[in-house]
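Overview (structure and organization)
Spelled out from the first residue to the last, the chains are:
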Amino acid sequence: MIGAAVTAAWLTDAVLKRRIAVHEATLVTGLSLAMMMPRGSPWWLGAAGGVLAIGLAKHAFGGHRRNIFNPSAFARVALMVVLPSYFLAPEWALDGVSGATPLAKESGAIQWTLTDLARGDVFGALAQIMPAAVGLGGLLLMVMKISDWRVPLVYLGTIGLCVLLLPSGSRQLGHTPWLSQDLGTHLLGGGTLFAASFLLTDPVTSPVTHSGRIWFAITAGIITMLVRFYTPYPDGAAISVLVANLTVPGFDRLARIFANSAQQSQRAVLAHKPPVS
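This structure is a prediction, so every number in the text was calculated from the model and none was measured. (Residues numbered from 1 in each chain as written. Predicted model: local features only at pLDDT ≥ 70, side-chain atom pairs only at ≥ 80, totals over all residues. Heavy atoms only, no water.)

1. Some points on the overall build of the protein
Assigned secondary structure in the protein consists of 13 helices and zero strands. Seen in sequence order, the protein has helices and strands lined up from the N terminus as α-α-α-α-α-α-α-α-α-α-α-α-α. Pairs at least 24 residues apart make up 71% of the contacts formed inside the protein by residues separated by at least 6 positions. When the accessible surface of the protein is totalled, it reaches about 13800 Å², and 68% of it is carbon and sulfur. (Helix = DSSP H or I, 4+ residues; strand = E, 2+ residues; numbered from the N terminus. Contact = heavy atoms within 4.5 Å. Areas by Shrake-Rupley, 256 points an atom, 1.4 Å probe, with all protein chains shown as cover.)

2. Concerning the side chain of S168
Structurally, the position occupied by S168 is in the loop between α7 (150-165) and α8 (170-175). At a separation of 2.8 Å, a polar atom in the side chain of S168 contacts the side chain of S180. Setting aside anything within four residues of it in sequence, one finds S168 in contact with L173, S180, F229 and Y230. (Polar contact = N/O pair within 3.5 Å; in protein donor to acceptor, adjacent residues only side chain to side chain.)

3. Side note on the pattern of salt bridges
In this structure the tally under the stated criterion is four salt bridges. The partner of D148 in a salt bridge is R213, and the shortest N-O contact between them spans 2.8 Å. One end of the pair, D148, is in the loop between α6 (131-143) and α7; the other, R213, is in helix α11 (residues 210-230), and 65 residues separate them in sequence. A single burial state applies to D148 and to R213, both of which are buried. A salt bridge links R228 to D235, with the shortest nitrogen-to-oxygen separation between them at 2.8 Å. Just as R228 is buried, D235 falls in that class too. Shared partners join several salt bridges into a network, and the residues in it are D148, R150 and R213. (Salt bridge = Lys/Arg side-chain N within 4 Å of Asp/Glu carboxyl O. Buried < 20%, exposed > 50% of the residue type's maximum accessible area, 1.4 Å probe, protein only.)

4. Notes on unusual backbone geometry
Despite not being glycine, K145 shows a phi value in the positive range, around 60 degrees. Structurally, K145 is set in the loop between α6 and α7. Its relative accessible area of 75% is what places K145 among the exposed residues.

5. As for the packing of α6 against helix α10 (residues 192-199)
In helix packing, the relevant descriptors are the interaxial angle and the interaxial distance, both defined with respect to the helix axes. Put simply, α6 and α10 touch, their axes get as near as 9 Å, and they point 25 degrees apart. Compared by their axis directions, α6 and α10 come out roughly parallel. When you trace α6 past α10, the crossing you get is left-handed. The segment α6 lies against α10, with P131, V134, G137, G138 and L141 engaging L193, F194, S197 and F198. (Axes fitted to C-alpha atoms, helices over the stretch in contact; angles between N-to-C directions. Parallel < 35°, antiparallel > 145°, perpendicular 65-115°, else oblique. Left-handed = near helix turned anticlockwise from the far one by under 90°.)

6. So, a nonpolar patch on the surface
Residues W43, W44 and Y86 make up a contiguous nonpolar surface patch of roughly 360 Å² in combined accessible area. Along the polypeptide, W44 turns up in helix α3 (residues 43-58). (Patch = residues over 30% accessible without salt bridge, like charges linked within 9 Å, V, L, I, M, F, W, Y side chains within 5 Å.)

So this is what it looks like as structure tokens:
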């Protein structure tokens, strides 16, 4: 799966650029896409995602560093819409219990323990079965100052507040009532950690201003929980990334307006300040 996604992304980039070159961003896109593919899915699904991520999400918008959407999240959501059976149909264990993801809202779904979630002993995408590695990778990016620590912290905090404050939807209450206020499952299950650590911190598709990044992360956290609580989809992390990507120009513009207003107010105050005798 990882090899298929990375190879397809690289070949698509090479064909569209009409030259053979290995760009690190293309390899990262293929790898991150593979991490969001369902465990046990066919190799061609990852290859199709690689073509969508590079060919449509990136080059259709002008190429490297001009794309609006995170390519990996775009490909993941596009595949889920076109081929929903690979992403939404539950995997059935031998005892007849549904286990597509810890966030599944199907009848018969089981409640996973925090130990299972922390060890990755769950069904789901590749990133969901290695939460410790994903978390450490995100922490390393923050320590190296490659990513802004505000984004994952605010995103996870927003999800936590939504879990505690939002009322659950009828489907969740009817089939999996324990998900209503199960903070651990919503933080460790699904694509929460991967989105917080790698997708939302993408420098191309996230705001450049500090305050813009905060509102960007809040938006993604709210959308994630709205999808989880009130739609049939078990997880909304990838969808929330795409929605948040659309808000980037607006949040950056507002942040600059507020910053300029604050500077003008400060200069006005200093101009009217009487001199010290």
